[in-house]
Amino acid sequence: MTDRSFTVIENEWIMLKDGTRLAARVWMPDNAEVDPVPAVFEFLPYRKRDGTSVRDESTYPVFAAAGIAGVRVDIRGSGESDGVIDGEYTELELANACELIAWIAEQPWSNGSVGMMGISWGGFNCLQVAALRPPALKAVISIASTVDRYNDDIHYKNGCHLSAQLSWAATMLAYQSRAPDPEIVGERWKEMWLERLEKEPFFMEEWLSHQRRDDFWKHGSIREDFSALEVPALVIAGWADGYRNTPLSAAEGLGEKAKALIGPWIHKYPHFAWPKPRADFHGEAIRWWNRWLRGEENGIEEGPQVRAYILDAVRPAPRRDRDPGFWIAKDAWTQPEMQCFYVEQFGTLMEGMPIPHAPAHDVYIKSPLDTGTTSGEWFTLKPDAELAIDQRIDDAGSLTFQTAPLAQAQDYLGRPVVTVTLSCTAEIANLCARLVDVHPDGTATRVSYGVLNLAHRDGNTEPTPMKPGEKTQIRLVLDACGYRFGEGHRIRLSLSTAYWPTILPAPTDPGLTIDIASIGLGLPKLGVHDAIEVKEPENPDPLPHYIEHKPAATRRQVMRDLSANRTDYRIHEDTGLFEHPGTGLSTRQRRDEVWSISPDDPLSMRGVSVWTCEMERPGWSVRTASTATITCTATDWRVGGSVVAYESEEQIFEKTFVKTIPRDFM
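The rules behind these values
- Residues numbered from 1 in each chain as written.
- Predicted model: local features only at pLDDT ≥ 70, side-chain atom pairs only at ≥ 80, totals over all residues.
- Heavy atoms only, no water.
- Phe/Tyr/Trp six-rings, centres within 6.5 Å; stacked < 30°, edge-to-face > 60°.
- Helix = DSSP H or I, 4+ residues; strand = E, 2+ residues; numbered from the N terminus.
- Buried < 20%, exposed > 50% of the residue type's maximum accessible area, 1.4 Å probe, protein only.
- Lys NZ or Arg CZ within 6 Å of the ring centre and 35° of its normal.
- Salt bridge = Lys/Arg side-chain N within 4 Å of Asp/Glu carboxyl O.
- Pairing = 2+ DSSP bridges.
- Core = buried A, V, L, I, M, F, W, Y, C linked by side-chain atoms within 4.5 Å.
- Contact = heavy atoms within 4.5 Å.
- Axes fitted to C-alpha atoms, helices over the stretch in contact; angles between N-to-C directions.
- Polar contact = N/O pair within 3.5 Å; in protein donor to acceptor, adjacent residues only side chain to side chain.

**Comments concerning the packing of aromatic side chains**
Here's step 1: Counting across every chain of the model gives 28 aromatic pairs.
Here's step 2: Ring geometry for Tyr 46 against Tyr 175: centres 6.0 Å apart, planes inclined by 75°, an arrangement best described as edge-to-face. Of this pair, Tyr 46 sits in the loop between strand S3 (37-44) and helix H1 (53-65) while Tyr 175 is found in helix H4 (residues 164-176), placing the two residues 129 residues apart along the sequence.
Here's step 3: Geometrically, the ring pair formed by Tyr 483 and Phe 485 is edge-to-face, given 5.0 Å between the ring centres and 65° between the ring planes. Both residues of the pair, Tyr 483 and Phe 485, count as buried.
Here's step 4: Chaining the aromatic ring pairs together yields one cluster made of Tyr 46, Tyr 89, Trp 121, Phe 124, Trp 168, Tyr 175, Tyr 243, Trp 378, Phe 379 and Trp 611.
Here's step 5: One residue, Lys 157, lies across the ring of Tyr 449, its end atom 5.6 Å from the ring centre.
Here's step 6: We note Arg 623 situated over the ring of Tyr 646; from NZ or CZ to the ring centre the distance is 4.1 Å.

**Looking at the pattern of salt bridges**
Here's step 1: The tally for this structure, following the rule as stated, stands at 56 salt bridges.
Here's step 2: Between Lys 471 and Asp 362 there is a salt bridge, with the nearest N and O atoms lying 3.0 Å from each other. Taken together, the positions of Lys 471 in the loop between strand S20 (444-453) and strand S21 (472-477) and Asp 362 in strand S15 (residues 362-365) put the pair 109 residues apart, joining distant regions of the chain.
Here's step 3: According to the relative accessible area criterion, Lys 471 is partly exposed, its value standing at 42%.
Here's step 4: Looking at Asp 362, the relative accessible area reads 40%, which means it is partly exposed.

**Looking at the pairing of strand S12 (residues 325-330)**
Here's step 1: Note that strand S11 (residues 306-312) and S12 share six bridges and pair antiparallel. Pairing of Tyr 309 across the sheet is with Trp 327, part of S12.
Here's step 2: Sheet topology places S12 next to strand S25 (residues 530-531); two bridges connect them, and they run antiparallel. Counterpart to Ala 329 in the pairing with S25 is Asp 530.

**Digging into the nonpolar core**
Here's step 1: One finds Phe 41, Phe 63, Met 116, Ile 141, Trp 289 and Ile 514 to be the most contacted residues of the largest nonpolar core, which totals 189 residues.
Here's step 2: Here this core gets eight residues from one element, more than from any other, and that element is H4.
Here's step 3: Every residue in contact with Met 116, bar those within four places of it in the chain, is listed here: Phe 41, Phe 43, Ala 97, Ile 101, Asn 125, Cys 126, Val 129, Leu 137, Ala 139, Val 140, Ile 141 and Trp 289.

**Some details on the sheet that holds strand S16 (residues 399-402)**
Strand pairing in a sheet is mediated by backbone hydrogen bonds. Such pairs are either parallel or antiparallel.
Here's step 1: Pairing in this open sheet of four strands is antiparallel, and the strands run S16-S23-S19-S20 from one edge to the other. The sheet is open, and its two edges are formed by S16 and S20, each paired on a single side. When strand polarity is set aside, the average angle formed by the axes of neighbouring strands in this sheet is 15°.
Here's step 2: Pairing between S16 and strand S23 (residues 490-496): four bridges, direction antiparallel. Each residue of the ladder has a partner; that of Leu 399, found in S23, is Leu 495.

**Side note on the environment of Tyr 89**
Here's step 1: Turning to its location among the elements, Tyr 89 is positioned in the loop between strand S4 (69-74) and helix H2 (91-106).
Here's step 2: C-alpha separation for the pair Tyr 89 and Val 54, spaced 35 residues apart in sequence, amounts to 24 Å.
Here's step 3: Apart from residues lying up to four places away in sequence, Tyr 89 is in contact with Leu 94, Trp 121, Phe 124, Asn 125, Gln 128, Arg 149 and His 219.

**Observations concerning the side chain of Gln 211**
Here's step 1: Note that Gln 211 resides in the loop between helix H7 (203-208) and helix H8 (215-218).
Here's step 2: The buried category is assigned to Gln 211, whose relative accessible area is 2%.
Here's step 3: Side-chain polar atoms of Gln 211 contact the backbone oxygen of Leu 208, separated by 2.9 Å.
Here's step 4: At a separation of 3.3 Å, a polar atom in the side chain of Gln 211 contacts the side chain of Trp 637.

Written as structure tokens, this is what we have:
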């Protein structure tokens, strides 16, 4: 199809049946009412006017030029939409999405076929909405998402409490505190803003009220019933992101309905993500939409089910612009054959199964509670120190076992598995396992990791305490990886009882007694595959450039106060102040976050995340300052926060909240 001209509708009001007015930005191919077109719908709380405008403007014009309308809608209480948000992926949100899909399909310019797309929140809800089967929804593209909201999202992981939960709660508190744009909503802007400030929830209060995998988390987790999703789904993620498990999980659960694409990327769209190589997302998406929304016979359904980039002996660095590796394809995803390793008596990792009935060889490990400072961010937005760095610092606080230098390269794709028999003197403790590539010069690259709250060893729905002193066999499934260990490299397994600040500590710090004779490591062999090329985008700089008034800045620091016996992990992020050249709106967000702990006291843990959000144009400015905190006792989590809002420099609003929530086997 030749390029078509198109029109951008900066704001279109869509009225829901309950009277709520939602704001949409639309990219409309010209003459669509004469020659109806399919539409791609994206539904987010991240503000079309400023929050996602850069990435929207990199993609939807390309879709519109290909004859595909783009409809980007702000969830209620976000951007210029009416109302107040009520949580993540709620029944109301998903019902609104279904109503919007029906509205799009009924428009005179629509051919009646709608696709839904998104990354992160939008990647989540497009899968969730597809499982509700709105008739006009014909296909989805889900990027950096999950099929399991409990174990593969930003809140918990195998019963461990992720620090990212506070980070994300603080982010949403800040995001939802921002004002609508008076240029769109008119004089109602302040009334709408004050309503949001007064009524916006602190999401963490709800999340911490559900510390096990109950119905709250099962809602929206499509793995509960993969058969409910009947439309084709293209599922994309990057190895450098926290959502790396989803493409293979979707391929396994959805079968031939799913296509998986996994690159080396952080939490970004593949056409502008780092580390490179990138993928031509626009070309991939247009072929997908043309096949499923237009009925074009382009053969996309006949392609391989899984395409993955196999990282090749990657080295940690202050910034990773391009990761070495190669693309492979598998026609159909099946559970991989496992290559097994065991630990022999002198601690070397050897190929083979653990020796049956081998004499126990118990070793006690109690990692310093600040073990984990090289772990990076749970989900990553930049290819810098947000990625896991050299693991030797954390390995110093861990039990490590490694192979002899490899005689030849070994290739893997899938989820490693660790089995071990252990005991502890407390009812609750955490275990972390890391798969590490040890380079010939000693540099240590984290390939995969997994964490487990041992009270969740038999499942996340009904945790049960450990029996003090009783030996228990544990099976821990690590995150998916695609990786080549090079010739002369060593494969290392690192075990620790802490992984801070990625996970928060248990209420006591008992350490673990590990029978190293029982340790088994299973690595998923790459197996039969085809070598392929994945096209990179032609444009190396696909994002629009806005007017810079103040530059961006970022810092990550680990501060060890030896006199106070305290370690601080400090994060500073500043987006800079940038003006959209079309709207004249300038925005800036700053995040200052500190995690603190004493290496020998789990109850010393503290997290504080402070956000400042600014919006301005000549003659008008607003600002909010949001704070979220978490501390703990042996029995409780204590969370709190505040929001202060300013119009110009006058404070117009303030609220604070404090909540104590009992620990639930955590």
